[in-house]
Amino acid sequence: MNRKNIKFDENGLVSAIVQDAQSKEVLTLAYMNEESLARTLETRETWFWSRSRQELWHKGATSGNVQQVVDILYDCDSDALIVKVIPTGPACHKNVYSCFADSLLEEGKDSTFGNPSANNKEVQNRFGIFNRLEALIAKREAEMPEGSYTTYLFTEGVDKILKKVGEEASEVIIAAKNRSHDELRYEAADLLFHLLVLLREQKLPFDAVLQELEKRHVK
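These lines cover the structure that appears in this document, whether it is placed above or below. Everything quoted here is computed from the prediction, not taken from an experiment. Here the residue numbers are simple positions, counted from 1 along each chain's written sequence. Two thresholds apply to this predicted model, a pLDDT of at least 70 for residue-level local features and 80 or more for giving and counting side-chain atom pairs, whereas whole-chain, interface and lining totals are computed over all residues. Neither water nor hydrogens contribute to the side-chain values; these are computed over all heavy atoms in the structure.

Overview of the pattern of salt bridges
If the charged atoms of two oppositely charged side chains come close together, the side chains can form a pair. Rules: Think of a salt bridge as a Lys or Arg side-chain nitrogen and an Asp or Glu carboxyl oxygen that are within 4 Å of each other. For helices the rule is a DSSP run of H or I covering at least 4 residues; for strands it is a run of E covering at least 2, with both sets numbered from the N terminus onward. Each residue's exposure class comes from its accessible area (1.4 Å probe, protein chains only) as a fraction of the maximum for that residue type: buried when under 20%, exposed when over 50%, partly exposed otherwise.
The tally for this structure, following the rule as stated, stands at 12 salt bridges. Ionic pairing is found between R185 and D182, a salt bridge with its closest N-O pair at 3.1 Å. Highlighted residues: R185 and D182, both in helix α5 (residues 181-201), separated by three residues, approximately one helical turn. For R185, a relative accessible area of 55% gives the class exposed. Salt bridges linked by common partners bring D20, E141, R200 and K203 together as one network.

So this is what it looks like as structure tokens:
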């Protein structure tokens, strides 16, 4: 990206939508001027312009919740950015994962977007749990709520997570050998959950795994 292509508004700013590169959740909406964009590109960490304080600010400079920049996209009019990041801790000043936590629609978090056909809804709903679970795991890693099992796994670290993945894989094998559908369903769900936790710990998006499967697919 050539930042000279970016069109700043009359105040010298461009809106920057910050998105978790792994979970795809929108974390915050901030603003950049030419200098903060330049620093972001140079350091690969987010820098913004504070409209209230009228100064540059480096996300995480005081809180430690820095955002590692993976990519920056600009729209067809070159006047808005999507900044894809790997966050370290919460994005919101309220110490929560995302600034966008509340919905104006009661059913908002469970709604299905795109083609409203019955078949399309069925497909989206079928795999929607992966999107929701990946987002929840990202939220747990950022906020580390006390008493959460996912918090416990992240606190213990990669060795504990790997041990759980290994244990659950073994239990899947045992359940299959036992020819028990109930047991296999339960253990397979455990394995998928712990695999998603491992992917989050390794900063590897689930999308990357799906893309690898897509590459291998032979029609």
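Moving on, there is more to tell.
Focus on unusual backbone geometry
With the exception of glycine, most residues fall at negative phi, and the peptide bonds are largely trans. Despite not being glycine, N95 shows a phi value in the positive range, around 65°. Take N95: it is sitting in the loop between β6 (80-87) and α2 (118-143).

Remarks on the sheet that holds strand β5 (residues 67-74)
Either a parallel or an antiparallel arrangement is found when strands of a sheet pair, and the pairing is made through backbone hydrogen bonds. Here is the rule we go by: Note: two strands are recorded as paired if DSSP finds a minimum of 2 bridges between them. Note on definitions: angles span 0 to 180 degrees between N-to-C directions of axes, and those axes are lines fitted to C-alpha atoms, for helices only across the stretch in contact. Residues are treated as being in contact if the distance between any of their heavy atoms lies within 4.5 Å.
Within the open sheet, the four strands sit side by side as β2-β1-β6-β5. Their pairing is mixed. Edge positions in the open sheet fall to β2 (26-32) and β5, since each of these has one partner strand only. Across this sheet, the average inter-strand angle for adjacent strands is 25°, counted without regard to direction. Relative to β5, helix α1 (residues 34-43) is tilted by about 120°, and along the sheet it contacts β2, β5 and β6.

All quantities given are derived from atomic positions and should not be read as evidence of function.
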